[in-house]
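Chain by chain, the residues:
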Amino acid sequence: MSGEQRQDLPSEAELAEMNRDELVRLGAKLDGVEIVHYEDRWPVKGTRAERRAARQITLWFALSALAGLAFLGVFLFWPWRYVAPGTEGYWPYALYNPLIGLTLGLAVLFLGIGAVNYTKKFIPEELSVQERHDGGSSELDKQTLLAQLADAGVRSGIGRRSLIRRTAGLGAGIFGLATLAVPLGGMIRNPWKDSTTKDSLWHSSWLPENGEKVYLRRHTGDAHEVVLIRPEDMDAGGFETVFPFRESERDDPEKLAAALKRSDAPVMLIRLRPNQQVVKRAGQEDFNYGDFYAYSKVCTHLGCPTSLYEQQTGRLLCPCHQSQFDVFHYAKPLFGPATRALPQLPITVDEDGYFVARGDFIEAVGPAFWERKS
Ligand code: FES
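What you see is a predicted model; the values in this text were computed from it and never measured. Numbering of residues begins from 1 in every chain and follows the order in which that chain's sequence is written. The predicted origin of the model limits local features to residues at a pLDDT of at least 70 and limits the giving and counting of side-chain atom pairs to 80 or more, whereas totals for whole chains, interfaces and linings rest on all residues. Heavy atoms throughout the structure, all of them, feed into the side-chain values; hydrogens and water do not.

(A) Summary view of the overall build of the protein. A count of helices and strands for the protein gives nine helices and 13 strands. Its C-alpha radius of gyration of 32 Å places the protein more than 25% over the 21 Å reference for a compact globule of 374 residues. Principal-axis analysis of the C-alpha atoms places the extent of the protein at approximately 95 × 50 × 35 Å. Considering the protein as a whole, with its 374 residues, one finds that 37% of them fall into the buried category. The contact rule is simple, with two residues in contact once any of their heavy atoms fall within 4.5 Å. When contacts within the protein are restricted to residue pairs at least 6 apart in sequence, long-range pairs at least 24 apart make up 66% of them. Asp and Glu are treated as the negative residues and Lys and Arg as the positive ones, with His and the ends of the chain left uncounted. A single reference atom marks each charge: NZ on Lys, CZ on Arg, CG on Asp, CD on Glu. Counting 43 positive and 47 negative side-chain charges, the protein places the centres of these two groups 4 Å from one another. A run of H or I in DSSP becomes a helix once it reaches four residues, and a run of E becomes a strand once it reaches two; helices and strands are each numbered from the N terminus. As a reference, a globule follows 2.2 Å times the number of residues to the power 0.38, and the radius of gyration itself is taken over C-alpha atoms. Throughout this description, buried means an accessible area under 20% of the type-specific maximum (1.4 Å probe, protein chains only), exposed means over 50%, and partly exposed covers the range between.

Next comes the structure, spelled out in structure tokens:
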């Protein structure tokens, strides 16, 4: 507001006498705004056309609420565990992600359509021209602006359209709940429950159970083919991604395929060049087998696959945010946002000459886990 305009300010007594309409116009005038056109969308209240418009908007908000509820239902109850193609239950599993996206997208879309429609059909039609000015707002400006907002609220009739108000609140509320479900959903499972099996949060799929060997398995592209690895299968300087395999799973196509899908399963088996100088991590001096080292492939920053290996420098690069890990130095981070070394899998070779895991990882795989010690 300019100094010139301030000369026409009403006194406090005059201000106190003004009604809402006068404050609205005064506020506009003092702000250099000329209201060219300002009138209710529905000068005659309660017409059939007005009621029809209100019903349409109510419908959009109600649809948003329904879509939000559907999202919550799918997120909480739809079968999400991996099922191999061609086996029973595959289609419900395959539809999980599309349904999550569809229901959440529709909830946002319907909420937006309802809000836009309400603005177009019930907020007073206004055409104003405003000059720009510098500086902050005075008490006078704040009061007149509040009067303008209150006026728009009263004229829009939101106070007396309780059905629209409630459905809009319902749609927005359920949508808010749906967005909370994503971060909170992952925290509902009790990490201390069933903490001894490979399916618990405290272990990875490499955990040997009931004395059964866990082999290092090559992924050939055929989820049902089993190819195990021996030291002579890799050249010095070589690198390969491997997955866990148990003999008890050999004749179970679903388990064979699922073993390749678990997020904690991929491990990089690296064969260093002979006589390479290596710094081993304290307490993990015997985790390697000769020149062979096995590290989790899941980046400790945000979980991307750290699959770019430069054998000359021994660096592993995560392509997501460029974290680099030094394989010659127990895969500790050298650069980028990752702060933890890649967990190392203890390995050896069995009596038949195949690589096996000597145990599970001894620390959390990937980026996040509560109460983690390293
Ligand atoms: S996920 Fe690997 S650097 Fe971010």
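So much for the structure itself; the text now carries on.
(B) Summary view of the pattern of salt bridges. Whenever a carboxyl oxygen of Asp or Glu lies within 4 Å of a side-chain nitrogen of Lys or Arg, that contact is scored as a salt bridge. Counted under the stated rule, the structure contains 17 salt bridges. Where R160 meets E50, a salt bridge forms, and the shortest distance between an N and an O atom there is 3.3 Å. In this pair, R160 sits in the loop between α7 (139–156) and α8 (162–185) while E50 sits in helix α4 (residues 48–77), placing the two residues 110 residues apart along the sequence. According to the relative accessible area criterion, R160 is partly exposed, its value standing at 49%.

(C) Region of interest: the side chain of S204. Along the chain, S204 falls in the loop between α8 and β3 (215–218). With sequence-adjacent residues up to four places away left out, S204 is seen in contact with K198, R262, D264, D360 and F361.

(D) Seen up close, the UniProt feature "domain: Rieske" (unreviewed entry) in the protein. Sequence positions flagged by UniProt for "domain: Rieske" (unreviewed entry) are, in local numbering, residues 264–356. Spanning residues 264–356, this segment combines 0% helix with 30% strand, and its end C-alpha atoms are found 17 Å apart. UniProt positions are given in the numbering used here, feature names are shortened, and annotations may be inferred rather than shown by experiment.

(E) Here's a closer look at the pairing of strand β6 (residues 267–271). Taken across its five residues, β6 has four buried, putting it largely inside the fold. Two strands make a pair as long as DSSP finds a minimum of two bridges between them. Bridge count for strand β5 (residues 239–245) against β6 is four bridges, and the pairing is antiparallel. Each residue of the ladder has a partner; that of T241, found in β6, is M268.

(F) How the structure looks around a nonpolar patch on the surface. In this scheme, patches are assembled from residues that exceed 30% relative accessible area and form no salt bridge. Like charges are connected within 9 Å, while nonpolar side chains (Val, Leu, Ile, Met, Phe, Trp, Tyr) are connected within 5 Å. Only the protein chains shown count as cover for residues, with accessible areas throughout obtained via the Shrake-Rupley method and a probe of 1.4 Å. A surface patch of nonpolar side chains, amounting to about 410 Å² of accessible area, comprises L177, L180, L184 and M187. For L177, the position within the fold is in helix α8.

(G) View of the confidence of the model for the protein. On average, the protein scores 87 in pLDDT, and the residues at 70 or more come to 94%. Low pLDDT (under 50) marks residues 1–5, which in the prediction has nine contacts with non-local residues, meaning those over four places away or in another chain. The predictor rates its confidence in each residue with pLDDT, a number between 0 and 100.

(H) Focus on the sheet that holds strand β11 (residues 332–335). Read from one edge of the open sheet, four strands run β8-β9-β10-β11, paired in antiparallel fashion. With partners counted over all chains shown, the strands left at the sheet margins are β8 (308–310) and β11, one partner each. This sheet shows a mean twist of 30 degrees between the axes of neighbouring strands, independent of strand direction. The pairing of β8 with strand β9 (residues 315–317) spans three bridges and is antiparallel. Angles here are taken between N-to-C directions and fall from 0 to 180 degrees, while the axes themselves are lines fitted to C-alpha atoms, restricted in helices to the stretch in contact.

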